[in-house]
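# Fold and geometry: a report
Single-letter residue listing:
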Amino acid sequence: MSSANKYLRPEVIRQIGRLDLRAQFIVKGYLQGIHASPYHGFSVEFSEHRKYTKGDDLKDIDWRVYAKTDKYYVKKFEAETNITGYLAMDLSRSMAYTYRQELTKFEYAICLAAAMCYLMIHQQDPVGLVTFDRSIRDSLSPKSKRTQLGHVLSLLSRLEPVGETDIAHSLNQLAAMLRHKSLVMLYSDLLTEPEPVIKALRRLRHGGHDVILFHILDEAEVVFPFDGMVELEEPESSNRLQVDATGFRQDYLAALGEFQELYRHECHQSGVDYVPLDTSMAFDKALTEYLVQRKARF
Amino acid sequence: MPTFINASMLLGTLLVGIPIVLHLIMRQQPQHLIFPALQFVQQRKEANQRRLKLRHLLLLLLRCAAILLIAVALARPLFQLDDLPAGNAPVAAAVVFDTSPRMDYRDQNQSRLDVAQEAGQWLLKQFPKESDLVVLDSVTPRADFDIDRGAATLRVEQLHVDAAARPLLETIENAQRVVAKSDKAQKEIFVFTDLSLAAWNPSQLKQLKRRLEQQPEIHLHLFDVGVLNPRNLTVGDLNLSSQSVASGGTADVSFDVLSSGSLEDSPNESRFAELFLATDGGPPTRRAQESIVVSPESGAFVSLRLSLPPEAGVYQGYVQLDRSDNLAIDDVRYFTVEAKPAWRVLLVAPSPPERYTRLLNDALAPFEYRQRGLAQFQCDVVSQADLATQALRPYQAIWLLDPEPLSRGTWQRLARYVSEGGSLAIALGRNAAELERFNLDGPQPLLPAKLVGQWRAGDRQLRLAPANLEHPILARFKPVASSVPWDLNPILKFWRLGPLREGAEVILAYDNGQPALVEQSVGRGIVLTLTTPVSDSLNDRRAWNNLLAPLREAWPGFLLVVEMTHYLIGNSRTELNYQVGDAAEVRLDSGSEFEQFLLTSPSGDTSRIAVDRRDRSLRVVDTHEAGQYELRAGGAEGTRLGFSVNLPAAVTQLERIGTETLSEALGDAMPSISRDRDTLLRSRQEVRGKGAWEAYPWLMLIVVFVMAGEQLVSTLFYRRHATAGGN
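Bear in mind that the values here come from a model prediction, so they are computed numbers and not experimental data.

The rules we used
- Residues numbered from 1 in each chain as written.
- Chains lettered and ligands numbered in written order.
- Predicted model: local features only at pLDDT ≥ 70, side-chain atom pairs only at ≥ 80, totals over all residues.
- Helix = DSSP H or I, 4+ residues; strand = E, 2+ residues; numbered from the N terminus.
- Buried ≥ 20, exposed ≤ 12 C-beta atoms within 10 Å, placed from the backbone.
- Contact = placed C-beta atoms within 7 Å.
- Pairing = 2+ DSSP bridges.
- Axes fitted to C-alpha atoms, helices over the stretch in contact; angles between N-to-C directions.
- pLDDT = per-residue confidence, 0-100.
- Expected span 1.5 Å × (residues − 1).

### Quick word on the overall build of chain A
The helix and strand tally for chain A stands at ten helices and ten strands. Within chain A, the fraction of its 298 residues that count as buried is 42%. In chain A, the share of contacts with a sequence separation of at least 24, taken over all contacts with a separation of at least 6, comes to 73%.

Shown next, in the form of structure tokens:
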């Protein structure tokens, strides 16, 4: 693993205190990684060359390429079209959970969101931030200025996951708020009834927005690593259940699989990108998802 | 219904409670955990709990089944296949206990009989109700079964070691006879034995084998209560130089100390052999002692000299080892000797009688002994001429040395003396040359046959050649039978006898087969006739023999005349020492007038014994106890007699018979041998098992499958999930 790549790992990022540095390390590590990867086509910071067509600014012709190839190529320095991105953070208390990982689901989501923000600002895409629990709590309207990064990160670093949540309601609110077609990146553990959430996602899609759903679970929630008799307590509702964890693992994993499959299927139907993540996974999967999404729009 | 070889193992089925208790009570305390994704748990809980319960139940059942199967398998169930009765059907069983003195051998503070009794009590409880049971010991023959189990149990409780034990094989034969009477299908004999060679004499096993083969339906089981490496010192059978000794005289008491049992690695043992004698009705006091070293291989030989008090009477004592061992009963041997005043013997010879009688007189009462008053015999010498007037009654025996023909009256006087109970020895010599005068009516009643003529050896020498040494006169030669130097007492001449009279018996013959010493009864007395003289001196060139004038150190002639004299007096017939079970016979003095005696046995029991009037003797038949027996009549001033009874030394030899030897002797009839209860039950079941099917191996196979199943289920149950979760 290269020195930059290691910043894609949650346990390493955990050791970096400042969120802006975290975001920077994640993105740089990621970008360095993709130069040597099949994702070469996603060059973002650097431009692309394309054939000159009528109407292109003559300033943009790369004369050095012309000298070599005797053909006109136009240098594309930065994104020509901007996506307005919204980072939507779930503040539910369940997001504060971790079993033995060093990052809670929420911290993982924050890191990811910060990295995403960093990347987008870098691309001069306007980025906004929405946080919600039962309804929308904070929101920053999207901007592409460099200063926006500071605003977003400072808000992110102040967030605490403490309340109950109503994802569907909050998404509906968000859908009502959005004026332009936007890319909504939702960070949530989705631990609530799936039907209303799916409906809300459909509504967002109906509004012409693109949605990437980052479904973040703790590693323990994905693996169910317990043994013997356990009493499990749900932090939001304080419901308790006693089970023989050893004998239950299979059933749990099946139920989780069904749940994820439901979202995957529904999201696919609705054109929502569903990205299941857990807190042990490297950040690159999420970033790649974003870039794929971005490319698909152009 | 199956029967169980180790029924006690069925208790193990109770262990089945352990997994059940663990399942019901010992539930694990749940660990409390925060877990946001509870909704997935909730969804599946119902179905999972049902499946979980089912699996737990399956595991519980498999574990319980494994425990039950193991317990049942260890109990070794047998299923009866043929028509032999089932395990709870009544049987006919004889329980035989060897109660010989050997069974008194103590080890770990228990005698062999104690061990046998314990196991016997247990065994009696194993028999189903209504069984025909009989308990036999080595003493009392049995003709029928005990009334019930209670009676049998009581008999076992009352068993005790008995010196007068019958051979074990006889008791087994007795048991076979009793068991054969039963109509029960299963017949068994259990023998509690120490498996010693003394009980299982290989030469007698053939009969047992034959009987076992004749009765194949009777199964014999041996329960070995013996100690595998016994160690025992035995005071061997006593050898008294004489049971009847002159008052104040001495007798040698000799015996072997035998070491029996395991000889390996046994060191020599140092002991003291002690001789005790009771005098004046007091307690026995130690009269002699000898330090001995007993080698494990050859034992030790002990000879103790017993000096008797000057008073005449019957003396009883014993010899013992200073420390007793595990088998105390054979560490002591009892003896009884009789002290009498010196016996008066009349030596009659032609003139000059001193010349004729000097050798015999010195042989019977050596000069030094006479001087010190220790001589056994008081010999008076009289010439033939004076015999007619000599009083004969005071003499217990008369020797007639090389007699010249006597007057008819003198012969008749001698004959009357003999027929009234007197004893006469005649040593014929050259003075009998007028042999026809010895063939007359006068002397003939006292002689065993007519004299035929002199036998002269010429250049050949004869010697005495006893055919056997069973006669009391020759008994002293027996221990050294192979080394008696008879050829140092050569015989040159003797009188040949005609056909012997009826009742006359040759005790000793020459090596040409001609009679040398002949015994015949005349009235109540006896006459011994020696066909060669005992009066010829060494210097006499015409001597007929060298009996009392021997070449070199020839002692047989001396011993012969001494023993002859003892025999004449009746000492040889005085038997005061018996073995257990023998009928004891005590001869009374001719002067005794008592008609009844009080017998006191070694254990102190008393009974009255009537005197047999015909031969003035007492017969005691019940001698089953070893020890001193006392006979009294006439109170403190009256007569006191007695005799001793000992165990034969061979009875307490503890060498064990090897299983191979036993098996070799009994062949197919070889019984089972057990040393513990389980083995006995097993061998008993094996006998039954010949028509039964033992489920043990199959049960163990099922146990293996059940345990493998349990392992499989628990692995499927837990491990796979663990692995799946780990991924």
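### Digging into the overall build of chain B
Summing up its helical and strand segments, chain B has 14 helices and 36 strands in all. In chain B, buried positions account for 41% of the 727 residues.

### Looking at unusual backbone geometry
Cis geometry marks the peptide bond from Ser351 of chain B to Pro352 of chain B, where omega comes out at -15°. Structurally, the position occupied by Pro352 of chain B is in the loop between strand E19 (343-349) and helix H7 (353-364). Of note, Leu190 of chain A is a non-glycine position whose phi angle comes to about 60°, a positive value. As for its placement among the helices and strands, Leu190 of chain A is situated in the loop between strand E6 (182-188) and helix H7 (194-206). The phi dihedral of Gln108 of chain B is positive, around 50°, even though this residue is not glycine. With respect to the helices and strands, the residue Gln108 of chain B is situated in the loop between strand E5 (106-107) and strand E6 (110-111). A residue is classified by how many C-beta atoms lie within 10 Å of it, and Gln108 of chain B, with 7 of them, is exposed.

### Looking at the environment of Pro366 of chain B
All names here are of chain B. For Pro366, the location among the structural elements is in the loop between H7 and helix H8 (367-372). On the basis of neighbour count, Pro366 is assigned to the partly exposed category, with 15 C-beta atoms found within 10 Å. Separated by eleven residues in the primary sequence, Pro366 and Phe377 have C-alpha atoms spaced 9.4 Å apart.

### Considerations on the sheet that holds strand E12 (residues 244-246) of chain B
Sheets are built from strands that pair by backbone hydrogen bonding, the pairs being arranged parallel or antiparallel. Residue and element names in this part refer to chain B. The five strands are arranged E12-E18-E17-E14-E15 in an open sheet whose pairing can be described as mixed. The open sheet has two edge strands with one neighbour each: E12 and strand E15 (285-294). In this sheet, neighbouring strand axes are inclined to one another by 25° on average, regardless of whether the strands run parallel or antiparallel.

### Quick notes on the confidence of the model for chain B
Residue and element names in this part refer to chain B. Looking at chain B as a whole, the pLDDT averages 85, with 94% of positions reaching at least 70. When the elements of chain B are averaged for pLDDT, strand E36 (residues 692-694) gives the smallest value, 71, and strand E22 (residues 423-427) the largest, 93. Across the predicted assembly, pTM comes out at 0.54 and ipTM at 0.75.

### A look at helix H11 (residues 556-569) of chain B
Residue and element names in this part refer to chain B. Its 14 residues give H11 an end-to-end C-alpha distance of 20 Å, which sits within 8% of 20 Å, the value for a rise of 1.5 Å per residue. By the criterion of burial, H11 is predominantly enclosed, with twelve of the 14 residues buried. At its buried positions, H11 is contacted by E19, H7, strand E20 (377-383), strand E21 (397-401), E22 and strand E27 (525-530). Positive backbone phi, at 105°, marks Gly570, one or two positions downstream of H11.

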